[in-house]
Amino acid sequence: MESAHGKVGTITWIVGGDFNSSLDDNRFAAETTLRTLMSNGLAWAWQNVPLAQRTTVPPGRDFPAACFDHIFYRGATLRRASVANTSSQSSDHRAVVATFELRPAR
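Here the structure is a predicted model, which means the values were calculated and not measured.

Visitor: Could you give an account of the overall build of the protein chain, naming the residues involved and the relevant values?
Guide: For the protein chain, the count of helices and strands is two helices and five strands. Starting at the N terminus and ending at the C terminus, the protein chain contains elements arranged as α-β-α-β-β-β-β. When the backbone C-alpha atoms are referred to their principal axes, the protein chain occupies close to 50 × 30 × 25 Å. Counting only residues that meet the buried cut, the protein chain has 29% of its 106 residues in that class. Across the protein chain, every contact between residues at least 6 apart in sequence was considered, and the portion connecting residues at least 24 apart equals 58%. Accessible surface for the protein chain amounts to roughly 6900 Å². Of this, 51% is attributable to carbon and sulfur atoms. If you average the places of the 11 positive and of the 9 negative side-chain charges in the protein chain, the two averages end up 8 Å apart.

Conventions adopted
- Residue numbering note: each chain is counted from 1, following its sequence as written.
- Thresholds applied to this predicted model are a pLDDT of at least 70 for local features of residues and 80 or more for the giving and counting of side-chain atom pairs; totals over whole chains, interfaces and linings are not thresholded and use all residues.
- Remark: hydrogens and water are excluded; side-chain values derive from all non-hydrogen atoms of the structure.
- Numbering of helices and strands starts at the N terminus; helices are DSSP runs of H or I of at least 4 residues and strands are runs of E of at least 2.
- Burial classes: relative accessible area under 20% of the type maximum marks a residue as buried, over 50% as exposed, and values in between as partly exposed (1.4 Å probe, protein chains only).
- In this description, contact between two residues means that some pair of their heavy atoms is separated by no more than 4.5 Å.
- With residues, only the protein chains shown are counted as cover, and all accessible areas are computed by Shrake-Rupley using a 1.4 Å probe.
- By the counting rule applied here, Lys and Arg register as positive and Asp and Glu as negative, while His and the ends of each chain are not counted.
- By convention, charge coordinates are those of NZ in Lys, CZ in Arg, CG in Asp, or CD in Glu.

Limitation: the analysis is restricted to geometry and does not speak to function.
Shown next, in the form of C-alpha cells:
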C-alpha cells in the first residue's frame, strides 16, 4: 500500500476491531496478531492505559474482564482513546472510541 499509494499523498493507517485476543491474559500468549501489528510499525491505541480503563468485555460468570477490542494506527497522532459505556443489549463488547489528528495532505 505504501509503495502504491504513498506517491500520491499522505497515508494514514487505522486498523481496529474485535481481535478476541489480549496482551494481558496468558491464555493468549501464543497468539501473535496484536504483537505482529505493533512490530510492523503500527501503534496501539491502548499503550500505557491500565486494563481497568480499557476493559471492552465486562466480566461474566465464565470469564474475567478483558480488552479484546483494539485500534492500531500509523501516520496519525492519537489524541484520545476510550471505551464507550454501551448497553449489553447491543453487544457483549463495549465500543472503542478514538480521536486522531491526521497529518496534512501533501
